[in-house]
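Residue strings, one per chain:
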Amino acid sequence: AQSVTQPDIHITVSEGASLELRCNYSYGATPYLFWYVQSPGQGLQLLLKYFSGDTLVQGIKGFEAEFKRSQSSFNLRKPSVHWSDAAEYFCAVGAHSIYGGATNKLIFGTGTLLAVQP
Amino acid sequence: DGGITQSPKYLFRKEGQNVTLSCEQNLNHDAMYWYRQDPGQGLRLIYYSQIVNDFQKGDIAEGYSVSREKKESFPLTVTSAQKNPTAFYLCASSGQLNNSPLHFGNGTRLTVT
């Protein structure tokens, strides 16, 4: 079965420091992978997505993620964190269809809560 | 602007009462979804609908019901059979293509006492 693991429940970084949030997935084929961000009490906003091609994908707000098939990972990175980046981040994978390939039904990780210190 | 509207933002109910959460989208999306979010558990899929008048159970459908009579609307009813209904509920929509990302509403926080 497909699954997503975000091993870090909570991360604290200093403003201006670099950030890497980890995501590992379990999937039988090339997955569709997503990162979403959620501010408190709000819905989720798409940061970036990977379907195929270049394994380094750029997203909004200066975020990027790298797909590494050999490690089953899709880690999210940002070179310099801003205080406004404090939020919860979710990695997700497109669920496998019984007819083959991925679907637009997503399986989410449990999230990583990011705190930013001044 | 196109988007997804969930109402109300906060909802309070007494135990034993059914309650319906509203979700409306004007993105012309075919697919709609309901997720439940609990602290430390991420998002879990309750129900989803790929097309009008059709819907499927997700991973935690017990105690919930939905309808999809119109493309724009996908209301969720939390019934008295749901053992632990207090949660944050998120509605989403997407296009039909496999690579269509989900667009989320701002959620409804349901508290049942």
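Residues numbered from 1 in each chain as written. Chains lettered and ligands numbered in written order. Predicted model: local features only at pLDDT ≥ 70, side-chain atom pairs only at ≥ 80, totals over all residues. Heavy atoms only, no water.

Asker: What should I look at first to understand the confidence of the model for chain A in this one?
Answerer: Where the model shows low pLDDT, its predicted coordinates should not be examined in detail. For chain A, the mean per-residue pLDDT works out to 90, and 91% of the residues sit at or above 70. Per-element mean pLDDT across chain A ranges from 74 in strand β11 (residues 102-108) of chain A up to 98 in strand β3 (residues 19-21) of chain A. (pLDDT = per-residue confidence, 0-100. Helix = DSSP H or I, 4+ residues; strand = E, 2+ residues; numbered from the N terminus.)

Asker: Help me out: how do you make sense of the pattern of salt bridges in this one?
Answerer: A pair can form between side chains of opposite charge whenever their charged atoms are brought close. For the structure shown, the criterion picks out 7 salt bridges over all chains. Two residues, A:Arg77 and A:Glu66, come together in a salt bridge whose shortest N-O distance is 3.1 Å. Taken together, the positions of A:Arg77 in strand β9 (residues 73-78) and A:Glu66 in strand β8 (residues 64-68) put the pair 11 residues apart, joining distant regions of the chain. Relative accessible area serves as the criterion here: at 22%, A:Arg77 is assigned to the partly exposed category. Given a relative accessible area of 23%, A:Glu66 falls into the partly exposed group. Across the pair B:Arg44 and B:Asp38 runs a salt bridge, and its minimum N-O distance is 2.8 Å. (Salt bridge = Lys/Arg side-chain N within 4 Å of Asp/Glu carboxyl O. Buried < 20%, exposed > 50% of the residue type's maximum accessible area, 1.4 Å probe, protein only.)

Asker: Can you help me understand the state of the cysteines in this one?
Answerer: As used in these notes, a disulfide is a covalent bond between sulfur atoms, one from each of two cysteines. The final tally for this structure, using the stated rule, is 2 disulfides over all chains. A sulfur-sulfur distance of 1.9 Å marks the disulfide that ties A:Cys23 to A:Cys91. Judged by the sign of its S-S torsion, about -65 degrees, the cystine formed by A:Cys23 and A:Cys91 is left-handed. With A:Cys23 in the loop between β3 and β4 (24-26) and A:Cys91 in strand β10 (residues 87-96), this pair connects stretches of sequence that are 68 residues apart. Each member of the pair, A:Cys23 as well as A:Cys91, is classed as buried. A sulfur-sulfur separation of 1.9 Å characterises the disulfide bridge that pairs B:Cys23 with B:Cys91. Residues B:Cys23 and B:Cys91 are joined through a disulfide that is left-handed, its torsion about the S-S bond being -75 degrees. (Disulfide = S-S within 2.5 Å.)

Asker: Just checking my understanding: could you explain unusual backbone geometry for this structure?
Answerer: Working note: non-glycine residues mostly have negative phi, and peptide bonds are mostly trans. All names here are of chain B. For the bond running from Ser 7 to Pro 8, omega is -10 degrees, close enough to zero to count as cis. Its place among the elements puts Pro 8 in the loop between β1 (4-7) and β2 (10-13). One non-glycine residue, Asn 53, lies in the positive phi region at around 65 degrees. Of note, Asn 53 is situated in the loop between β5 (42-51) and β6 (54-57).

Asker: So what exactly am I meant to see when it comes to the interface of chain B and chain A here?
Answerer: When the parts of a complex come together, some accessible area is lost, and that lost area is often taken as the interface size. Listed per partner, the contact involves 26 residues of chain B and 21 residues of chain A. Roughly 1800 Å² is buried in total at the junction of chain B and chain A, and carbon and sulfur atoms are behind 53% of that figure. Contributions of two or more residues to the side of chain B that touches chain A are made by β4 (31-38), β5 and β9 (87-94) of chain B. No other element matches β5(B), which puts 5 residues into the side of chain B that touches chain A. (Contact = heavy atoms within 4.5 Å. Buried area = accessible area lost by both parts, 1.4 Å probe.)

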